[in-house]
Amino acid sequence: MASAETCRAGDAPLMQSSPTAPEKREERKKAFLIWDEGFSGRFLASLVVIAGGGYCGWQVPAIQMYLWEVYQDMLFRLMEGAHKMAWWSVIGLLSSSCCALQLALNALNFGCAGFNTMLGPLRPFFCALTVCTQALVWYTAYDKPFQRAYVGICTILVASLTLLPEA
């Protein structure tokens, strides 16, 4: 007598049984958290490239002057726009806009906006950029004691926003 799945011995199955839950191979969505596999390698590589590029750029006077002019132009445009719109707080939130926006959408029950899909793979680079920027800020504020308290508060805020997806 033939089994329920085949007509004759050796024939192809007539009816495929659906795989059970343990047999299903589900891909785990990558969250790009600091403890995920491969994050530390990509973070360290990004850190070396950013810091090395910054150091080399600082050693060549022509590059240094060009970067300084670009920085001043961007700073002027941001300050002018923020002053016109009275959006001073927006400048501080630019680095964490995806996290803050995602939290606002979640609070309003809109669900996930899919930021992790697009920005998640870039997270090690942005974390390395944040570390380099904070190192530069502390380097600048080191000999100015009156700025240390402000820089300390900003560093705590930056660290908590950078590690926000970890919670």
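Residues numbered from 1 in each chain as written. Predicted model: local features only at pLDDT ≥ 70, side-chain atom pairs only at ≥ 80, totals over all residues. Heavy atoms only, no water.

When you look at the overall build of the protein in this model, what are you seeing that I'm missing?
Counting its secondary structure elements, the protein contains 7 helices and 0 strands. Along the protein, helices and strands appear, N-terminal first, in the series α-α-α-α-α-α-α. Looking at the protein residue by residue over its 167 residues, the buried ones come to 14%. Of the contacts made within the protein by residues no fewer than 6 positions apart, 49% connect residues no fewer than 24 positions apart. With an accessible surface of roughly 13500 Å², the protein has 69% of that area assigned to carbon and sulfur atoms. (Helix = DSSP H or I, 4+ residues; strand = E, 2+ residues; numbered from the N terminus. Buried < 20%, exposed > 50% of the residue type's maximum accessible area, 1.4 Å probe, protein only. Contact = heavy atoms within 4.5 Å. Areas by Shrake-Rupley, 256 points an atom, 1.4 Å probe, with all protein chains shown as cover.)

I'm lost on the confidence of the model for the protein in this one. Help?
In regions of low pLDDT, the predicted coordinates are not meant to be interpreted in detail. Looking at the protein as a whole, its pLDDT mean stands at 74, while 60% of the residues score no less than 70. Ranking the helices and strands of the protein by mean pLDDT puts helix H1 (residues 39–59) first, with 90, and helix H3 (residues 88–93) last, with 52. Here residues 1–10 is modelled with pLDDT under 50, and outside its nearest four sequence neighbours on either side it reaches 13 contacts, counting other chains as well. Low pLDDT, under 50, characterises residues 21–27; the stretch is placed with 1 contact to residues that sit more than four places away or in other chains. (pLDDT = per-residue confidence, 0-100.)

Can you help me understand the side chain of Ser 46 in this one?
Of note, Ser 46 is situated in helix H1. In contact with Ser 46, not counting residues within four places along its chain, are Pro 124, Phe 125 and Ala 128.

Explanation requested: the pattern of salt bridges in the structure shown.
Pairs can form between side chains of opposite charge whenever their charged atoms are close. One pass over the structure, following the stated rule, counts 2 salt bridges. Two residues, Asp 73 and Arg 77, come together in a salt bridge whose shortest N-O distance is 3.1 Å. Of this pair, Asp 73 and Arg 77 are both found in helix H2 (residues 61–85), 4 residues apart, which corresponds to roughly one turn of the helix. Here Asp 73 falls in the partly exposed class, since its relative accessible area comes to 36%. Between Asp 143 and Lys 144 there is a salt bridge, and its shortest N-O distance comes to 3.7 Å. Here Asp 143 falls in the exposed class, since its relative accessible area comes to 57%. (Salt bridge = Lys/Arg side-chain N within 4 Å of Asp/Glu carboxyl O.)

Would you mind showing me how to read the nonpolar core here?
Most often, soluble globular proteins have nonpolar side chains that are buried together. Listed in full, the 6 residues of the largest apolar core are Phe 39, Phe 43, Ile 50, Cys 127, Ala 128 and Cys 132. Where this core is concerned, the elements lending two or more residues are H1 and helix H6 (123–141). Not counting residues up to four positions away in its chain, the partners in contact with Ile 50 are Phe 125, Ala 128, Leu 129 and Cys 132. (Core = buried A, V, L, I, M, F, W, Y, C linked by side-chain atoms within 4.5 Å.)

What should I look at first to understand the packing of aromatic side chains in this one?
Working definition: an aromatic ring pair is given by the centre-to-centre distance plus the angle between the planes. All chains considered together, the criterion is met by 3 aromatic pairs. Just above the ring of Tyr 142 sits the side chain of Arg 148; from NZ or CZ to the centre is 5.6 Å. (Phe/Tyr/Trp six-rings, centres within 6.5 Å; stacked < 30°, edge-to-face > 60°. Lys NZ or Arg CZ within 6 Å of the ring centre and 35° of its normal.)

It is not clear to me how H1 should be interpreted in this structure. Could you clarify?
The α-helix advances 3.6 residues per turn, and as a result positions three or four apart in sequence lie on the same side. An ideal rise of 1.5 Å per residue puts 30 Å on 21 residues; H1 measures up with 30 Å between its terminal C-alpha atoms. Listing the buried residues of H1 in full gives Phe 39, Phe 43, Ser 46, Ile 50 and Gly 57. The buried residues of H1 occupy an angular sector of 80 degrees when the element is viewed end-on, so they sit on one face. More than 90 degrees from the buried face of H1, the exposed residues found are Val 48, Val 49 and Tyr 55. (Expected span 1.5 Å × (residues − 1). Arc of directions from axis to C-beta.)

Sorry if this is basic, but what is going on with a nonpolar patch on the surface here?
Residues Met 118, Leu 119, Leu 122, Phe 125, Phe 126 and Leu 129 make up a contiguous nonpolar surface patch of roughly 540 Å² in combined accessible area. When residues of the nonpolar patch are traced back to their parent elements, those giving at least two are helix H5 (115–119) and H6. No other element matches the 3 residues that H6 contributes to the nonpolar patch. With respect to the helices and strands, Leu 129 occurs in helix H6. Judged by its relative accessible area of 34%, Leu 129 falls in the partly exposed class. (Patch = residues over 30% accessible without salt bridge, like charges linked within 9 Å, V, L, I, M, F, W, Y side chains within 5 Å.)

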